[in-house]
Structure formats: C-alpha cells, structure tokens
Amino acid sequence: MVSDEIPDSVIDFAKQKRRELIEQLADVDEEIGEMVIMDEDPNTEQLANAIRRATVGLKFSPVFMGSAVKNTAVQPLLDGVCAYLPTPSEAEVTAHDTSLPADAPMVPLVPAAQAPLVSLAFKLEEGRFGQLTYIRVYQGTMRKGQFIYHARSGKRVKVPRLVRMHSNEMEDIEEIGPGEICAIFGVDCASGDTFTDGSTSYSMVSTPLTEVRAHAHRSCM
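Criteria and cut-off values
- Residues numbered from 1 in each chain as written.
- Predicted model: local features only at pLDDT ≥ 70, side-chain atom pairs only at ≥ 80, totals over all residues.
- Heavy atoms only, no water.
- Core = buried A, V, L, I, M, F, W, Y, C linked by side-chain atoms within 4.5 Å.
- Buried < 20%, exposed > 50% of the residue type's maximum accessible area, 1.4 Å probe, protein only.
- Helix = DSSP H or I, 4+ residues; strand = E, 2+ residues; numbered from the N terminus.
- Arc of directions from axis to C-beta.
- Contact = heavy atoms within 4.5 Å.
- Polar contact = N/O pair within 3.5 Å; in protein donor to acceptor, adjacent residues only side chain to side chain.
- Pairing = 2+ DSSP bridges.

A. Molecular detail of the nonpolar core. Ranked by internal contacts, the top residues of the largest apolar core, which has 16 residues, are Met142, Ile148, Leu162, Cys182 and Ile184. Those elements that place two or more of their residues in this core are strand 4 (130-139) and strand 11 (181-185). The next biggest cluster of nonpolar side chains, apart from the first, holds ten residues, and it includes Ile22, Ile32, Met35 and Tyr84.

Here it is, written out as structure tokens:
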C-alpha cells in the first residue's frame, strides 16, 4: 500500500465528501451529532470510532470502492472488516429452539468452541465434485468425519470433507470453530439452513447482519 497527500486538483472534492460523511454519521451517532451542533470538526480516530459504533448498531453501512483485478484496494477493505465489523462477542446472535412454542424467547448463542454446534449454510455452489456448501459456525466446533443434523429435516449427515476456501483453491482442514467459515461436500440443503450436532433443537433465523457476518468474516481477530 502507498499513502500520499491528496492532490490539489481534487482536494476540494475530498473535503466535500468528508463533510458529507460527517453529516451522515451525525444522523446515526450521538457523539458526532453533538460535535456537529457545537461546530467542532472530528478527527480521523473519532470518525472511525463513530463508523464502528453505527455499523455494530445496524445504523450505518460502510462502502469501499475497489476491484479484485490486481487486488486494487483489497487491503483497505480487509482493514475495514477488522476496524468496523463486530467480533462474535460484541454482536448478539440468537436461535429458535424448535422444541419450544413458536412464541418462546430466542436462545442466545455463545462463540465457544466447547458449546453445542450451531452453524448456518449461507451459500451453495455447484462444482466439479458436486454441491459445495459454505457454512459459518456460530457456536461449537465442526470436525471432519463428524455427524451433523439438518435442523429443518432432522436428517443426519456425515461431513466427509472439510475445506477452507482461498479464492478457487481448497485447503483441507480437520476442524473449524466459532466465527469461522468452511465449505463441505455432499450435503443436501438450502441456503439459510441450520446444522447442529444433534444435542439441541436450535434453528437460526437469518437476519441482514447474519448475512453480513457470514460474508465478511472477521478472520483477523
């Protein structure tokens, strides 16, 4: 990465966009709102902290410009994932216990490796080895050779192969823990289905933030 001063030809435009950012944050963050009222100019650290608070609170969505071609602006995007998205301990994730009435309170999930497994299939892809199912583990641990249970159908499925994806390359792994994403083969399911270890009757409810966390996994904690 290379950093430099903003060229004189676009400095006025950059200041205008910075002001627009501050105004947008003032609508969703109390601290920045008070600074705007007092005609104070927040510094970069204050802006970054406000973006994080608003993003975690589902009030703000940072947008990054870039391209996968030649990895243009990929590093700032990854830095933004680390800077602005919540860690598992900061964001409440819940599941519905299907053994209880539909109006029963949701059950909070904990990002603990020793807890009962609860995972969400969030993406399906047809490949040369058949259907590839991307799964995010929210609680517990998933291991190669383990039997997991499809929450919707109750069907027991063995995990024959567990892989971590790197673009179009696969890395075989033995297990993954809470907060991690993997892919498995040979599982008949739909996007949004829940898988457990069979010790609970939990089923996850898909929310916008659930999908964001699944696609933008904070792997650099």
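B. Up close: helix 2 (residues 30-37). Listed as buried for helix 2 are Ile32, Gly33 and Met35. In an axial view of helix 2, the angular spread of the buried residues amounts to 160 degrees, which keeps them on one side of the axis. Facing away from the buried side of helix 2 by more than 90 degrees, the exposed set consists of Glu30 and Ile37. In this fold, the buried residues of helix 2 make contact with helix 1 (11-26) and helix 3 (44-56). With a side-chain oxygen positioned 3.3 Å from the backbone nitrogen of Glu31, the residue opening helix 2 is Asp29. Remark: Asp39 follows helix 2 within two positions and exhibits a positive phi of approximately 60 degrees.

C. Region of the structure containing the sheet that holds strand 13 (residues 202-204). Ordered in space as 2-1-13, the three strands form an open sheet in which the pairing is antiparallel. Unpaired on one side and paired on the other, strand 2 (107-108) and strand 13 mark the two borders of the sheet. Note that strand 1 (residues 94-97) and strand 2 share two bridges and pair antiparallel. The residue of strand 2 that forms the bridge with Thr94 is Pro108.

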